Amino acid sequence: MKLLTRYVIREHAGPLVFALSALTSLLMLQYVARQLANLAGKGLPWSAIGKFFVLSLPFTIAMTLPMAVLVATLYAFGRMAAEHEITAFKASGVRVRSLMAPVLVCALLLSLFMVWFNDQLLPRTNHALRILNNDIAKTKPTLALKEQVMNPITDQFFMRVARVDARTNRMYDVTIYDLRKGPERQTIYADSGVFLLDAKGEDLQLQLMDGHAQEFVRADPRRLQRSFFRTQTVQLRGIIRQFEATAEDNYRGDREQTVCQMHRTYMENAREFTRLRNAYIDQASRAASKGSKTLTVSRDRPPKEVLSTFYCETLLGGFSTMLLPKKAKAQSAQPPVQPPPVQPPPVQQPPVQQPPVQQPPAPAPVPTPVPPAVVEQPGLERSPAAVAADSVARADSAARADSAARADSAARAAAAAAAAAAAVPAATLAGTDTVSVYATAMRAAQQQLLAQREVVDGLAVEIHKKFALSFACLVFVLFGPPIALRFPRGGVGVTIGVSIVVFGLYYICLMGGEALADKGRLPAFIAMWIANVIFSLVGIALLWRVENTTDTSRGGGLRDWLADRRARKQLARELKAPAVPA
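What counts, and where the lines are drawn
Residues numbered from 1 in each chain as written. Predicted model: local features only at pLDDT ≥ 70, side-chain atom pairs only at ≥ 80, totals over all residues. Heavy atoms only, no water. Helix = DSSP H or I, 4+ residues; strand = E, 2+ residues; numbered from the N terminus. Buried < 20%, exposed > 50% of the residue type's maximum accessible area, 1.4 Å probe, protein only. Contact = heavy atoms within 4.5 Å. Areas by Shrake-Rupley, 256 points an atom, 1.4 Å probe, with all protein chains shown as cover. Axes fitted to C-alpha atoms, helices over the stretch in contact; angles between N-to-C directions. Parallel < 35°, antiparallel > 145°, perpendicular 65-115°, else oblique. Left-handed = near helix turned anticlockwise from the far one by under 90°. Nonpolar A, V, L, I, M, F, W, Y, C, P; charged D, E, K, R; others polar. Polar contact = N/O pair within 3.5 Å; in protein donor to acceptor, adjacent residues only side chain to side chain. Pairing = 2+ DSSP bridges. Core = buried A, V, L, I, M, F, W, Y, C linked by side-chain atoms within 4.5 Å. Patch = residues over 30% accessible without salt bridge, like charges linked within 9 Å, V, L, I, M, F, W, Y side chains within 5 Å. Salt bridge = Lys/Arg side-chain N within 4 Å of Asp/Glu carboxyl O. Lys, Arg positive; Asp, Glu negative; His and termini not counted. Charge placed at Lys NZ, Arg CZ, Asp CG, Glu CD. Phe/Tyr/Trp six-rings, centres within 6.5 Å; stacked < 30°, edge-to-face > 60°. Lys NZ or Arg CZ within 6 Å of the ring centre and 35° of its normal. pLDDT = per-residue confidence, 0-100.

1. Considerations on the overall build of the protein chain
Item 1. Looking only at helices and strands, the protein chain has 12 helices and six strands in total.
Item 2. Expressed as a percentage of its 582 residues, the buried residues of the protein chain come to 34%.
Item 3. Counted over contacts in the protein chain with a minimum sequence separation of 6, partners at least 24 positions apart contribute 70%.
Item 4. When the accessible area of the protein chain is evaluated, it comes to approximately 37,600 Å², of which 62% is carbon and sulfur surface.

Right under this line is the structure:
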């Protein structure tokens, strides 16, 4: 059996490497073609371009590796079935599930590797790739003006020129649309002009000649102000910028966090969601009419995701407990040795004629000294140190008074809001429609609840997606061999066609489930795992059907399968037809 195991694994190794390389190259070419406009013409160093390609590989491999597993399984079992090796194995007493056992074990190990890959390596590379893309987007090495078209210098500054002299940088028939002032947008028309760079090569200066500028007036948008000029200079800062690599960025999106980081973020947002949900229910119950009994509200979210809790707290926590050294137990402190009690000397009784001892009175409380106010006399000069100390003391006292006033006003506002929310009756009080007030508060609470629900559901979806895509390798190993054994003579065409169809259906189910989960229509674990469950059940059913057949190479390609189906239907119709009397 060891020989058979090595043979089956070797049959899958070559197609797996080839399929992974081909699919990754195709997706990388597609991604680079989309990003080519952002990379070309910016004078990027070769190190930045190489880093861009390297950081683009992990998220591409995360998509192509499950598909490569499916292609390798279809090709290997299809080839063995076409050359009647499966028939020989079954004649020798080796069943198909025995041939699939080593492939399933390897797929399980590959799925566990993908869990680590998607959890640890992929978030780090996504984070670094986002920082690199931002640095590339900020790079503006040159300024190239095109004739007779609108040139976007910045997102709020556009320029159109009729003709440009490349030797002297002179422009003719210049039109500028300046939107940097918002409502006071400005349009400049000039007969000619020259564009120059400053000494640092970063800022752009436009020297315009013989033209006029018109702009809207802020106070009256219906008025248009026009001014004529002989020469005018327009300056734009930060137009030219060379590539500068950013060291680190503390912000991390959902796809830039590990499972444990998202687990902690999910718990914080789940607590906030529960609080907002209770507040919304309270406001809605106050704003509802007396006869209504139905209240529509989003379902509650669990405080912890079961899968991430098991992975982070149970699995990784158990591994860290086993690998890390145990903490030494602190030795309990020994009680101090008590010295033998000392007998106090006998108390002498005062004589009868002696008056009783009077207890001393309690000391009066000492008032806190208040620093005397500094009185400035016109005839005396103060030292600079005294003046500085006085100014610091005054600033400190003013800051304390300001902070105390703010805290007092905030406390009063909070107390007033709480008292108003608790004491306002359900009817109209002092001419105020409390129903409309509660309705407004309910709508505000509903908007906050929807925004928080999207955050919680998005985190749950990303957590389950990492594991669902990782175990897709195991699912496709269950699904691939029955298809390959059913069409043994299909060749490479059937392998590629079935792979594209199966993987397309899988990703449609995955993306559809993600969209439903983001909208709150389905729980995240159902939406992300439904595709794996469906394909696994279909693969097990097909495998059971293949196990119950006597020969695996009875059919050829798809044409033979269709002909067999037509023959079966014709036979069924003939059996159902009534017998014609002789």
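2. What about the packing of helix α2 (residues 46-82) against helix α9 (residues 472-486)?
Item 1. Running from amino to carboxyl end, α2 crosses α9 at an angle of 25°, the nearest separation of the two axes being 8 Å. Considered as vectors, α2 and α9 are oriented roughly parallel to each other. Crossing handedness for the pair α2 and α9: right-handed. Taken together, the residues of α9 that come into contact with α2 (itself represented by P66, V69, L70, T73, L74, F77, G78 and A81) are A472, C473, F476, V477, G480, P481, I483, A484 and L485.
Item 2. Of the residues belonging to the contact of α2 with α9, the class tally is 14 nonpolar, three polar and no charged.

3. A few points about the side chain of H127
Item 1. One can find H127 in helix α4 (residues 96-138).
Item 2. Among the polar contacts made by the side chain of H127, one reaches the main-chain carbonyl oxygen of Y251 at a distance of 3.5 Å.
Item 3. Ignoring sequence-local partners within four residues, the contact set of H127 consists of E248, D249, Y251, R252 and E256.

4. Thoughts on the sheet that holds strand β2 (residues 157-165)
Item 1. Reading across from one edge, β1-β2-β3-β4-β5-β6 is the order of the six strands in this open sheet, with antiparallel pairing throughout. Only two strands of the sheet have a single neighbouring strand rather than two, namely β1 (150-154) and β6 (224-236). Strand after strand, the sheet turns through a mean of 30° between neighbouring axes, direction not considered.
Item 2. When β2 meets strand β3 (residues 170-178), the two strands line up antiparallel, connected through eight bridges. Across the sheet, F158 pairs through a bridge with Y177, a residue of β3.

5. What to know about the nonpolar core
Item 1. Membership of the largest hydrophobic core comes to 75 residues, with the highest contact counts inside it found for F77, I86, L99 and Y506.
Item 2. Ranked by size, the runner-up nonpolar core spans 18 residues in total, among them I153, V161, L204 and L206.

6. A look at a positive patch on the surface
Item 1. Taken together, R545, R565, K569 and R573 make up a surface patch of like positive charges.
Item 2. The element best represented in the positive patch is helix α12 (residues 558-576), accounting for three residues.
Item 3. What makes R545 exposed here is its relative accessible area of 58%.

7. Observations regarding a nonpolar patch on the surface
Item 1. Residues F525, I526, I530, I534 and V538 make up a contiguous nonpolar surface patch of roughly 400 Å² in combined accessible area.
Item 2. With respect to the element layout, I526 can be found in helix α11 (residues 524-547).

8. Some points on the packing of aromatic side chains
Item 1. The tally for this structure, following the rule as stated, stands at 14 aromatic pairs.
Item 2. Aromatic side chains F476 and F503 sit 5.4 Å apart centroid to centroid with 55° between the ring planes, which places their arrangement in the tilted category. A residue pair is termed long-range when its members are at least 10 positions apart, and F476 in helix α9 and F503 in helix α10 (residues 491-518) qualify at 27 residues.
Item 3. Looking at F503, the relative accessible area reads 8%, which means it is buried.
Item 4. With centroids separated by 5.2 Å and ring planes inclined at 70°, the aromatic side chains of F476 and Y506 adopt a geometry described as edge-to-face. Taken as a pair, F476 in helix α9 and Y506 in helix α10 lie far apart in primary sequence, 30 residues in all. For the pair F476 and Y506, one class covers both residues: buried.
Item 5. The rings of F476, F479, F503, Y506, Y507 and F535 are connected pair by pair, giving a single aromatic cluster.
Item 6. Across the ring face of Y172, the terminal group of R163 is positioned such that the distance to the ring centre comes to 4.2 Å.

9. Observations concerning the pattern of salt bridges
Item 1. Under the defined criterion, the tally for this structure stands at 13 salt bridges.
Item 2. R130 is the partner of E256 in a salt bridge, and the nearest nitrogen-oxygen pair spans 2.7 Å. Taken together, the residues span a long stretch of sequence, with E256 in the loop between β6 and α5 (259-287) and R130 in helix α4 at a distance of 126 residues.
Item 3. Using a relative accessible area of 8% as the deciding quantity, one classes E256 as buried.
Item 4. The partner of R180 in a salt bridge is D178, with the nearest N and O atoms 2.8 Å apart.
Item 5. Assessed through its relative accessible area of 40%, R180 is described here as partly exposed.

10. Some remarks on the environment of L26
Item 1. Looking at the element boundaries, L26 is found in helix α1 (residues 2-39).
Item 2. Distance from L26 to T60, taken between C-alpha atoms, is 9.8 Å for residues 34 residues apart in sequence.

11. Description of the pairing of β1
Item 1. In terms of strand pairing, β1 meets β2 through four bridges, oriented antiparallel. By the bridge assignment, T154 is partnered in β2 with F157.
Item 2. Counted along the chain from β1 to the antiparallel partner β2, the turn is two residues long.

12. Re unusual backbone geometry
Item 1. Of note, the phi angle at H84 is positive, near 60°, even though the residue is not glycine.
Item 2. With respect to the secondary-structure elements, H84 resides in the loop between α2 and α3 (85-91).
Item 3. A residue is classified by how much of its surface remains accessible, and H84, at 40% relative accessible area, is partly exposed.
Item 4. The phi dihedral of N169 is positive, around 60°, even though this residue is not glycine.
Item 5. Locating N169 in the fold gives a position in the loop between β2 and β3.

13. Some remarks on the confidence of the model for the protein chain
Item 1. Averaged over every residue, the pLDDT of the protein chain is 76; the share at 70 or more is 71%.
Item 2. Across the protein chain, β3 holds the top mean pLDDT of 90, while helix α7 (residues 384-423) sits lowest at 46.
Item 3. Segment residues 413-432 is flagged for pLDDT under 50; beyond a separation of four residues in sequence, or across chains, it makes 11 contacts in the model.

14. Some thoughts on the environment of T246
Item 1. With respect to the helices and strands, T246 occurs in the loop between β6 and α5.
Item 2. According to the relative accessible area criterion, T246 is partly exposed, its value standing at 37%.
Item 3. Here T246 is in contact with I131 and D135, once residues within four sequence places are set aside.

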